[in-house]
Amino acid sequence: VMVRHGDYLSVYSHLQEVYVKKGQEIQTGTSVGSIITSEQNTAKFLFSIWKGQTKMNPKPWLRKSL
């Protein structure tokens, strides 16, 4: 799943199920899909942020757990 945020693009990979549709507008905090879990009960998920063709550090974009 790729989500455009102005000049930025967030990319969510290795999703088991996708909850959004192409062209759908979403808000901050919207679940875009479910993460694949292996037989060993480990999650496999990739999240990246791009500004143009430059890959950014995604950490500042992640919501802190309560």
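Owing to the predicted nature of the structure, the values given are computational and were not obtained by experimental measurement.

K.L.:
Just checking my understanding: could you explain the overall build of the chain for this structure?
P.N.:
For the chain, the count of helices and strands is 0 helices and 7 strands. On the principal axes, the C-alpha backbone points of the chain span a range of 40 × 30 × 25 Å. Taking all 66 residues of the chain together, 15% fall into the buried category. At a minimum sequence separation of 6, the contacts of the chain that also span at least 24 residues come to 35%. Entry remark: accessible area of the chain is about 5,800 Å², with carbon and sulfur atoms responsible for 50%. On the chain, the mean spot of the 9 positive side-chain charges and the mean spot of the 4 negative ones are 8 Å from each other.

K.L.:
Sorry, what's going on with the sheet that holds strand S1 (residues 2-5) here?
P.N.:
Strand pairing within a sheet occurs via backbone hydrogen bonds; the two strands may be parallel or antiparallel. The antiparallel open sheet is built from 4 strands, whose spatial order is S1-S2-S6-S7. In this open sheet, the two strands that pair with only one neighbour each are S1 and strand S7 (54-56). The sheet shows a mean angle of 30° between the axes of neighbouring strands, direction not considered. When strand S6 (residues 46-51) meets S7, the two strands line up antiparallel, connected through 3 bridges. Bridge pairing in S7 places Ile 49 opposite Met 56.

K.L.:
Mind showing me how you'd approach the pairing of S1 here?
P.N.:
Successive side chains on a regular strand alternate, one facing one side of the sheet and the next facing the other. In terms of strand pairing, S1 meets strand S2 (residues 8-13) through 4 bridges, oriented antiparallel. Note that in S2 the partner of Val 3 across the bridge is Ser 10. Hairpin connection between S1 and S2: a loop of 2 residues separates the two successive antiparallel strands, and Gly 6 in this loop has a positive phi of roughly 65°.

K.L.:
Just checking my understanding: could you explain the sheet that holds strand S3 (residues 15-18) for this structure?
P.N.:
Spatially, S3-S4-S5 is the arrangement adopted by the 3 strands of the open sheet, whose pairing is antiparallel. In this open sheet, the two edge strands, each paired with only one partner strand, are S3 and strand S5 (43-44). As paired elements, strand S4 (residues 33-37) and S5 share 2 bridges and run antiparallel to each other. From the neighbouring strand, Thr 37 faces S5, where its bridge partner is Ala 43.

Quick notes on the rules
- Residues numbered from 1 in each chain as written.
- Predicted model: local features only at pLDDT ≥ 70, side-chain atom pairs only at ≥ 80, totals over all residues.
- Heavy atoms only, no water.
- Helix = DSSP H or I, 4+ residues; strand = E, 2+ residues; numbered from the N terminus.
- Buried < 20%, exposed > 50% of the residue type's maximum accessible area, 1.4 Å probe, protein only.
- Contact = heavy atoms within 4.5 Å.
- Areas by Shrake-Rupley, 256 points an atom, 1.4 Å probe, with all protein chains shown as cover.
- Lys, Arg positive; Asp, Glu negative; His and termini not counted.
- Charge placed at Lys NZ, Arg CZ, Asp CG, Glu CD.
- Pairing = 2+ DSSP bridges.
- Axes fitted to C-alpha atoms, helices over the stretch in contact; angles between N-to-C directions.

That's the geometry; what it means functionally is another story.
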